[in-house]
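Residue-level listing of the chains:
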Amino acid sequence: MLITLEGIDGTGKSTLHAALAEPLADLQPVFTREPGATWVGDSVRRAIAEQTDPVTEALLFVADHAAHLATIVRPALAQKKLVISDRYTDSRYAYQSVTLEGVISEPLAWLQSLHNGWTIVPDRTFLLVLPVDVAFERLKAKDGREHFERKEVLEKVQKNYLELARRDPSRFIIIDASLEKEEIVQFVASAIRQLSGLSRSRRRR
Ligand code: TMP
């Protein structure tokens, strides 16, 4: 089963990802992330840091996804493991739709066509949503801000995420990221536990 965590920067998504290890330890999940689970991720980090051309950057994110699928996600799913990824394809759809605005005529359609036919769609996606002002305040505390981490960019990215969720309500679970961390961890952990139990009992039938 493939679970993904998504949301704009500053929603506590990576903290949640790390915090799920303990309550889900008995399920032995494979915790992974995009970008950066493979060496291709290093090129992506460099592209982000150097603010390269947006098409180059988008294609590097897609290359990182291909390497991530080939080396981590597919092998783990083939062994019936539970995979929990901090960011995945929806990050491209939400962020690169913004960075490619005015560069490519229909960024989302272009990005989706790049993934069609070989990507694996997650079973469930937890989308952390927080007012952009609050997320931005949280980011201010962090050094070395990336070029995505501007308020007007994050506003658009969050809008894109919500539209993706609206179009695919059976996959997305929206989480109010302003709730207490413990409450969010408990809710997401028990939802994942329930989903993984369901998939196990389906397999037994
Ligand atoms: P991170 O902060 O989760 O490590 O991700 C680094 C940045 O990369 C973050 O601002 C979101 C952005 N990003 C994209 O723009 N497109 C993508 O496909 C992914 C995976 C991340």
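Just above, that's the structure.
A few points on the structure.

Criteria and thresholds
- Residues numbered from 1 in each chain as written.
- Predicted model: local features only at pLDDT ≥ 70, side-chain atom pairs only at ≥ 80, totals over all residues.
- Heavy atoms only, no water.
- 1 Å grid on protein atoms, 1.4 Å probe; cavity = no way out; pocket = protein on both sides within 12 Å on 5 of 7 lines; lining within 4 Å.
- Points joined across faces, edges and corners; volume = space filled by probe spheres on them.
- Helix = DSSP H or I, 4+ residues; strand = E, 2+ residues; numbered from the N terminus.
- Nonpolar A, V, L, I, M, F, W, Y, C, P; charged D, E, K, R; others polar.
- Near = heavy atom within 4 Å.
- Polar contact = N/O pair within 3.5 Å; in protein donor to acceptor, adjacent residues only side chain to side chain.
- Areas by Shrake-Rupley, 256 points an atom, 1.4 Å probe, with all protein chains shown as cover.
- Contact = heavy atoms within 4.5 Å.
- Pairing = 2+ DSSP bridges.
- Axes fitted to C-alpha atoms, helices over the stretch in contact; angles between N-to-C directions.
- Expected span 1.5 Å × (residues − 1).
- Buried < 20%, exposed > 50% of the residue type's maximum accessible area, 1.4 Å probe, protein only.
- Arc of directions from axis to C-beta.

### Considerations on the layout of surface pockets
- Approximately 530 Å³ is the volume attributed to the largest pocket.
- Contributing to the lining of the largest pocket are 28 residues, with D9, K13, R87, E146 and E149 lying nearest its centre.
- Counting only elements with at least two residues in the lining of the largest pocket, the list comes to α1 (13-19), α2 (40-50), α4 (89-99) and α6 (132-140).
- It is α4 that contributes the most residues to the lining of the largest pocket, 4 residues altogether.
- Computed from the structure, the second largest pocket encloses a volume of approximately 230 Å³.
- Listed by contribution, the elements that provide at least two residues to the lining of the second largest pocket are α4 and α7 (151-167).
- The greatest single-element share of the lining of the second largest pocket, amounting to 3 residues, is contributed by α4.
- Its residues assigned to classes, the lining of the second largest pocket shows 7 nonpolar, 4 polar and 4 charged.

### Comments concerning the site of the ligand
- Close to the ligand lie 15 residues; D9, R33, R87, R92 and Q96 are nearest.
- The side chain of R87 places a nitrogen or oxygen atom 2.8 Å from an oxygen atom of the ligand.
- Bound to the protein, the ligand loses 95% of the 480 Å² it would expose on its own.
- Where the shell around the ligand is concerned, the elements lending two or more residues are α2 and α4.
- For the shell around the ligand, the leading source of residues is α4, giving 4 residues.
- Of the residues assigned to the shell around the ligand, the class counts are 5 nonpolar, 2 polar and 8 charged.

### Re the environment of F172
- Take F172: it is sitting in strand β5 (residues 172-176).
- Once residues within four sequence positions are removed from consideration, F172 is found in contact with D90, T125, L127, L164 and A165.

### Regarding the sheet that holds β5
- Read across the sheet, 5 strands follow the order β2-β3-β1-β4-β5 without closing on themselves; strand pairing throughout is parallel. Every interior strand has two partners, whereas the edge strands, β2 (30-33) and β5, have only one. The sheet shows a mean angle of 20° between the axes of neighbouring strands, direction not considered.
- Summarising the sheet, strand β1 (residues 2-7) and strand β4 (residues 124-129) pair through 5 bridges and their orientation is parallel. Its bridge partner being in β4, G7 is matched across the sheet by L128.
- Strands β1, β2 and β3 (83-86) of the sheet are contacted by helix α3 (residues 54-78), whose axis makes an angle of about 155° with β2.
- In the packing of α7 onto the sheet, the strands contacted are β1, β4 and β5, and the crossing angle to β4 comes to about 145°.

### Brief notes about α7
- With 17 residues, α7 ought to run about 24 Å at 1.5 Å a step, and its terminal C-alpha atoms sit 25 Å apart, in line with that.
- Taken together, the buried positions of α7 are occupied by V153, L154, V157, Q158, Y161, L164 and A165. The arc that holds the buried residues of α7, viewed along the axis, is 130°, so those residues lie on one side. Away from the buried face of α7 by more than 90 degrees, exposed residues K159, R166 and R167 are located.
- In this fold, the buried residues of α7 make contact with β1, α4, β4, α6 and β5.

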